[in-house]
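# Coordinate inspection notes
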Amino acid sequence: FAADQSGSSSLAISSNPNQGSSSSSHSQQQTLAQEFRNKDYSVSILPELMKDIRSTDFNKQLNAAVGIRKLLSMEKDPPIQEVIDANLVPVLMNLLKSDSYVMQFECLWALTNIASGTSNQTKVVVEQGAIKEFIERSEYRFYNQGLIF
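All residue numbers refer to positions counted from 1 along the written sequence of the respective chain. For this predicted model, a pLDDT threshold of at least 70 governs which residues receive local features, and a threshold of 80 or more governs which side-chain atom pairs are given and counted, while totals over whole chains, interfaces and linings are taken from all residues. To get the side-chain values, all heavy atoms of the structure are used, and hydrogens and water are removed first.

### With respect to the overall build of the chain
As a reminder, the rule being used: Per the convention used, a helix needs a DSSP run of H or I reaching at least four residues, while a strand needs a run of E reaching at least two, with both numbered from the N terminus. Only protein chains enter the area calculation, which uses a 1.4 Å probe; residues under 20% of their type maximum are buried, those over 50% are exposed, and those in between are partly exposed. Any two residues having at least one pair of non-hydrogen atoms within 4.5 Å are treated as being in contact.
Of regular secondary structure, the chain possesses nine helices and two strands. In the chain, the order of α-helices and β-strands from amino to carboxyl end is β-β-α-α-α-α-α-α-α-α-α. Per-residue burial for the chain yields a buried fraction of 44% across its 149 residues. Sequence-distant contacts in the chain: of pairs separated by 6 or more residues, those separated by 24 or more amount to 69%.

Written out as structure tokens, the structure is:
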């Protein structure tokens, strides 16, 4: 993704050859995602994650998606409003267009965490069309890809 000074985003999903949906690349993506999931993320690195999620490098995007999702999963004071204020909801929505089920899974999880916030925070996710995406990317689809743990 690339963002201009106004914060609007344009789609620039990486053309990384490991991003496709073949079983070997899918396995590589799962391994990479698991490495990222085992990392500890703190709110202090949120600015770096916000930059990396807009990168054209798939690995940076995936690391950022995992990190943002993990931060939004914190029980106490998840940075939901900070993610919204950084205009990341449209970025996460655009990453759902990725060929990578792993990327889609992480972005959907982050979006559901944002939607779990206040009614105004939920409204942001709904207005971006997330409900349709939640339905289209059912748990069954991710379960079949080995992404439900």
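Having seen the model, we can carry on.
### Regarding the packing of aromatic side chains
In plain terms, the rule: Only Phe, Tyr and Trp rings take part, Trp by its six-membered ring, and two of them pair if their centres are within 6.5 Å. Stacked means planes under 30 degrees apart, edge-to-face means over 60, and tilted covers everything else. We count a charge as sitting over a ring when the NZ of a lysine or the CZ of an arginine lies within 6 Å of the ring centre and within 35 degrees of the ring normal.
The tally for this structure, following the rule as stated, stands at one aromatic pair. Centre to centre, the rings of F105 and W109 are 5.6 Å apart; their planes meet at 70 degrees, and the pair counts as edge-to-face. Placement of the pair is F105 and W109 together in helix 6 (residues 101-115), with a separation of four residues, close to one helical turn. Among the residues examined, F105 registers a relative accessible area of 10% and is labelled buried. Of the residues examined, W109 reaches a relative accessible area of 33% and is grouped as partly exposed. Its end group placed over the ring of W109, R69 keeps NZ or CZ at 3.9 Å from the ring centre.

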